[in-house]
Amino acid sequence: MQDVGLYIHIPFCKMKCYYCDFPSFSGKEENMIPYAQALSKEIQNICKDKNIRSIFIGGGTPTYLSLQGWIILKEAIDKLEKQHIEFTIEGNPKTFTEEKLKLFREMGVNRISVGLQAWQEAHLKSLGRIHSLQEFKNTYDLLRAYGFTNINVDIMFGLPNQTLAQWRETLHQVISLKPEHISAYSLIIEEGTHFYNLYEKDQLILPNEEEERQMYEDAVNILKENGYNQYEISNFAKEGMECKHNLIYWSLENYVGCGSAAHSYLEGVRYRNEENIEKYICKVNNENNAIIQKHLNSKEENMEEFMFLGLRKTKGVSTLEFEKKFGEDIHKVYGKVIEKYIKLELLKEDSERIYLTPKGVELSNVVMSDFLL
Ligand code: SF4
């Protein structure tokens, strides 16, 4: 049986946040049950000959799926071949209910990822979040009361009108709750979002580059001082609490994605599912899968992906692993680039691994793009 990570996509949100370009939709609640039924079918079909190493249910807002939808999904997930795995569900405060949490425990969910983004009410409002700070705090307490001992909190910097002091407050307040994992992403203004329209009209006041750099540096330092190891550009965890599922992506290992817009990577082939919810349901019901694109990676593409995904991790890429995967010495393929960035002190190499220096992490986009063959 093939070992894989399993990603499951729930595309429903109560309201679209102003910055979000994820494949998620509001106002599609009538599709929840047919979607859960089609998704269950797809999961059973795709995973029947797989050994599941981890499960991550993301979205959208998985916790917004109705209880009835979850009951349908549980049946399919219960049948999977899996033992003592990391099992994460993502959610938005205000959409967690006690019934759903009870069900999650019965399903074997042992990790919850909650989106907070900012500690200040004004920012929550201006981001279009549906919850207040108090609702986040209540959710967090409820998760602990239900015995979840592995919680991630998502926060964001580089927000419109956000000051350094506010970002530091967000960091310190979240740390005081002692979650096992914190993800800290910078806001990106994506085309097609409400923020993009405001940005185009010059109506968004964003921190400048220097302020944003300082915010990232603060996150790295403050989280480190408080016992969170940075193990990826935007991810920080207490000892041993790194997200195993995400490490599968960053290590170019096999994973399958089920649900609308989900992606898979299996033995060098990338697959992409239909994004439109109604078309997804139809396609799964008629064909048992919703794949609309399949691409066999060339050896070069696999090498590139191995490098730029691997370099996201603070421990970087293993030179031995590269040779085992591709049958070539990493220096033969990337010698010049590696040498260039070691000289610029953006990369470092020891006897086993090549990784970004702290300065390299700040300029990671530039370094990584040079690994395209
Ligand atoms: S809750 Fe998450 S997925 Fe939904 S709109 Fe907001 S950021 Fe996007």
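Residues numbered from 1 in each chain as written. Predicted model: local features only at pLDDT ≥ 70, side-chain atom pairs only at ≥ 80, totals over all residues. Heavy atoms only, no water.

An unreviewed UniProt entry lists the chain under the name Heme chaperone HemW, with Clostridium punense given as the organism. The record in UniProt for the chain states the following under Subcellular location (unreviewed entry): "Cytoplasm". (UniProt positions renumbered as here; feature names shortened; annotations may be inferred.)

(A) Expanded view of the packing of aromatic side chains. Applying the stated criterion across every chain, the model contains 16 aromatic pairs. Plain terms: the ring middles of Tyr-18 and Phe-195 are 6.3 Å apart, the flat faces sit at 55° to each other, and that makes the pair tilted. Here the residue Tyr-18 occupies a position in the loop between β1 (2-10) and α1 (32-47), and Phe-195 occupies one in helix α7 (residues 194-200), the gap between them amounting to 177 residues. Its relative accessible area of 27% is what places Tyr-18 among the partly exposed residues. Owing to a relative accessible area of 2%, Phe-195 belongs among the buried residues under this scheme. Taken together, the aromatic side chains of Phe-306, Phe-322, Phe-326, Tyr-334 and Phe-371 make up a single cluster linked through ring pairs. Over the ring of Phe-148 we find Arg-105, and its NZ or CZ is 5.0 Å from the ring centre. (Phe/Tyr/Trp six-rings, centres within 6.5 Å; stacked < 30°, edge-to-face > 60°. Helix = DSSP H or I, 4+ residues; strand = E, 2+ residues; numbered from the N terminus. Buried < 20%, exposed > 50% of the residue type's maximum accessible area, 1.4 Å probe, protein only. Lys NZ or Arg CZ within 6 Å of the ring centre and 35° of its normal.)

(B) Region of the structure containing the domain arrangement of the chain. Per the domain assignment, the segments of the chain are domain 1 (2-250) and domain 2 (315-369). The interface of domain 1 with domain 2 comprises five residues on the first partner and four residues on the second. Carbon and sulfur atoms make up 68% of the surface buried where domain 1 meets domain 2, a total of about 340 Å² over both sides. In this assembly, domain 1 and domain 2 are joined by one salt bridge. With a closest N to O distance of 4.0 Å, Arg-213 and Glu-362 form a salt bridge. For the pair domain 1 and domain 2, the number of links is zero residue pairs in polar contact (both at pLDDT 80 or more). (Domains from an automatic or database assignment. Contact = heavy atoms within 4.5 Å. Buried area = accessible area lost by both parts, 1.4 Å probe. Salt bridge = Lys/Arg side-chain N within 4 Å of Asp/Glu carboxyl O. Polar contact = N/O pair within 3.5 Å; in protein donor to acceptor, adjacent residues only side chain to side chain.)

(C) Geometry of the site of the ligand. The ligand sits among Cys-13, Met-15, Lys-16, Cys-17, Tyr-19, Cys-20, Phe-22, Ser-24, Gly-60, Thr-61, Asn-92 and Arg-129. In terms of residue class, the shell around the ligand is made up of six nonpolar, four polar and two charged. (Near = heavy atom within 4 Å. Nonpolar A, V, L, I, M, F, W, Y, C, P; charged D, E, K, R; others polar.)

(D) Structural context of the side chain of His-9. Tracing the backbone shows His-9 in strand β1. Only 2.9 Å separates the side chain of His-9 from the backbone oxygen of Pro-23, close enough to count as a polar contact. Apart from the residues lying within four places of it in its own chain, the contact partners of His-9 are Pro-23, Tyr-35, Leu-39, Gly-58, Gly-59, Gly-60, Cys-258, Gly-259 and Ser-260.

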